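Here is how the chains run, residue by residue.
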Amino acid sequence: MIRLEEVTKVFPGADRPAVSSLSLHIPEGEFVTLVGPSGCGKTTTLKMINRIIEPTSGRIEVGGRDVMSMEPHLLRRSIGYVIQQVGLLPHRTVEENIATVPRLLGWDRDRIERRVAEMSELVGLGADLLERYPAELSGGQQQRVGVARALAADPPVLLMDEPFGAVDPIVREHLQQEFKDLWRRLGKTVVFVTHDIDEAVRMGTRVAILNVGGVLEQYDRPEEILANPANDFVSRFLGEERGLRRLALMPVSSAGLDRGPVVEITATPEEARAVMDAHGSDWLGLLDGGRLLGWVPAAEVGTSPLADLEPREFLVILRPEDSLRRALDAVVTSRTRVAVVVGEQGYLGMLDIDRVAEEITE
Amino acid sequence: MIDFLGQVWDWFGDPANWTGNRGLPGLLRSHVFLSAVSVATAAVVALPVAVWLGHTRRGGALAVSLVNVGRAIPSFGLIGVFFPLTLMFEPTSRPLGFWATFIAMVALAMPPMFVNAYTGIREIDPALTEAARGMGMTGRQVLTGVELPLALPLVMAGIRNAAVAVVATVTLSAWVGCSSLGTYVFVGFAQRDRVMVFAGGLAVALLSIVTELTLGGVERLVDPLRPMRRRRR
């Protein structure tokens, strides 16, 4: 979808190129994150794709067409663009801001109105916000408008320059999650610049790691980069928590689950003790027809029926799609030293620290 | 003191001061005309250049310092310099003093208009214009749809400052024989008529205030965020 061939950018007066003969191929529908230290030319690379910055040499194609052969403003109307500062027009309402590109393209009024409604719903903006001005919105809401504006004319490609860098961490995580879901539904080709390696591996289906001067060090799926860094620069850039970052990308469902010291509530106390002994456990999990009720300490399992016990709740209950990193967190923080996993049909199983460690060393 | 103010009051009440070419309406008209023509000419010259330099973000610092040099030259001096020079030209339908004052007033009006328009456009967040370009606006669309509306209040403030300064200073035209409200001041001095001097000065001061208030109102009307501010109130 996007192809960069030997692209070089030397800014006037600079003694070294910002980007030097970079070649990058971004297939249709991929979510590519460009990440690297400051001065690595990631933003310059992004801005050369829509010609906000003109390359010094090399060739850039979008959808098979050389960008240098097109009028810049026409090229840009076919490419979504989101920047960190958002850049909403302060003298236009939210509605007018979202309608920017459709208006430039000369869509008729009804079509624009329908599209604006559709877009604001897509990014989770209430209809009551449409009449407001950007200054009346929170940072998170402003960036939602920024995304809606970029998507309004339904461009096949979206360029994003640290789009969630200016909002607070909690809102950022929300927006990241929502945007990733949005991308899955819309199937756009996304190029996403960030300096945050966590964001890069979490958001991208492919990650391009750039070094100072726009040198491409590694370009691969995030799991692959974390498992096999191409060189010292990449491993240093990935940092010391590489293992944890890999866990963050793996769903709980990818690991083998143990049934654990768990019995149905209809079991006899003797059976329950046998299960605990078999697992060497000092606690017992209780199920009611496959539904997880909670756990009780071994000392409370006496002679009376299990149904008379008062089970304690597991503080963290994971779903199969949660990451192994969350599972690890649950293991080390819970009293029972396990992470329990519950799916649509009820109790699925549990992970202990050894299971998680197995996954990471595989 | 009370006595003096009473005489001024009477002066304004005297029907003789409301008719003829020494009458208030006539002199007011000349004063406003000379001011308006000067401010309009300065705007036509200074604003497009300022807007263009601000839009392209080039050469502005140099231009601003050049304009500020202009600011340092007193209008009185300029009239003094240009009046003898205009004597060398053929007479026109306007008195020679008109053109000398006109040149000095254009020079007086340009700096505040230029500096305000230039900074008004230049100070717009570059991220904003970049986003606008990134959406696919042409240079002209960025200028007319983003930069000009956002800079408009500051541009208007420049025009207002210039207009107030010009209205006050056009008074000097009477010195070189072009009638304005300044005529009362200069003639009054020559005739040692302190009531007339005071009345002339008062008329100029009132006209300046009216100019300030009127253009201040226009400034608020062109505020692109006016709908939002009104709603907040």
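Notes on the structure follow. (Residues numbered from 1 in each chain as written. Chains lettered and ligands numbered in written order. Predicted model: local features only at pLDDT ≥ 70, side-chain atom pairs only at ≥ 80, totals over all residues. Heavy atoms only, no water.)

**Overview of the sheet that holds strand S8 (residues 189–194) of chain A**
Note: strands within a sheet are paired through backbone hydrogen bonds, in either parallel or antiparallel orientation.
Residue and element names in this part refer to chain A.
Part 1 of the reasoning: Strands sit in the order S6-S7-S8-S3-S9-S10 across an open sheet of six strands; the sheet is mixed. Edge positions in the sheet fall to strand S6 (79–83) and strand S10 (215–220), since each of these pairs with one other strand and no more. With direction set aside, neighbouring strand axes in the sheet form an average angle of 15°.
Part 2 of the reasoning: Where S6 meets strand S7 (residues 157–161), five bridges bridge the pair, whose relative direction is parallel. By the bridge assignment, Tyr-81 is partnered in S7 with Leu-159.
Part 3 of the reasoning: Across the face of the sheet, helix H7 (residues 169–186) comes into contact with strand S3 (31–35), S7 and S8 while running at roughly 140° to S3. (Pairing = 2+ DSSP bridges. Helix = DSSP H or I, 4+ residues; strand = E, 2+ residues; numbered from the N terminus. Axes fitted to C-alpha atoms, helices over the stretch in contact; angles between N-to-C directions. Contact = heavy atoms within 4.5 Å.)

**Some remarks on the pattern of salt bridges**
Residues and elements named next belong to chain A.
Part 1 of the reasoning: Applying the stated criterion to the full structure yields 23 salt bridges over all chains.
Part 2 of the reasoning: With a shortest N-O distance of 3.1 Å, Arg-51 and Glu-54 are connected by a salt bridge.
Part 3 of the reasoning: Arg-51 gets classed as buried once you look at its relative accessible area, which sits at 9%.
Part 4 of the reasoning: A single network of salt bridges, built from pairs that share partners, joins Arg-115, Glu-118, Asp-154 and Lys-188. (Salt bridge = Lys/Arg side-chain N within 4 Å of Asp/Glu carboxyl O. Buried < 20%, exposed > 50% of the residue type's maximum accessible area, 1.4 Å probe, protein only.)

**Let's talk about the interface of chain B and chain A**
The accessible area lost on association of the parts is a frequent measure of interface size.
Part 1 of the reasoning: Counting from both sides, the interface comprises 21 residues of chain B and, opposite them, 25 residues of chain A.
Part 2 of the reasoning: When the buried surface of chain B facing chain A is broken down by residue, B:Glu130, B:Arg133 and B:Met135 rank first, second and third, together holding 28% of it.
Part 3 of the reasoning: Run the count over chain B and chain A and you get one salt bridge.
Part 4 of the reasoning: Its salt-bridge partner being A:Lys47, residue B:Glu130 comes within 3.1 Å of it at the nearest N-O pair.
Part 5 of the reasoning: Across the contact surface, chain B and chain A share six residue pairs in polar contact (both at pLDDT 80 or more).
Part 6 of the reasoning: Elements that contribute at least two residues to the side of chain B that touches chain A include exactly helix H6 (126–135), helix H7 (139–169) and helix H10 (226–232) of chain B. (Buried area = accessible area lost by both parts, 1.4 Å probe. Polar contact = N/O pair within 3.5 Å; in protein donor to acceptor, adjacent residues only side chain to side chain.)

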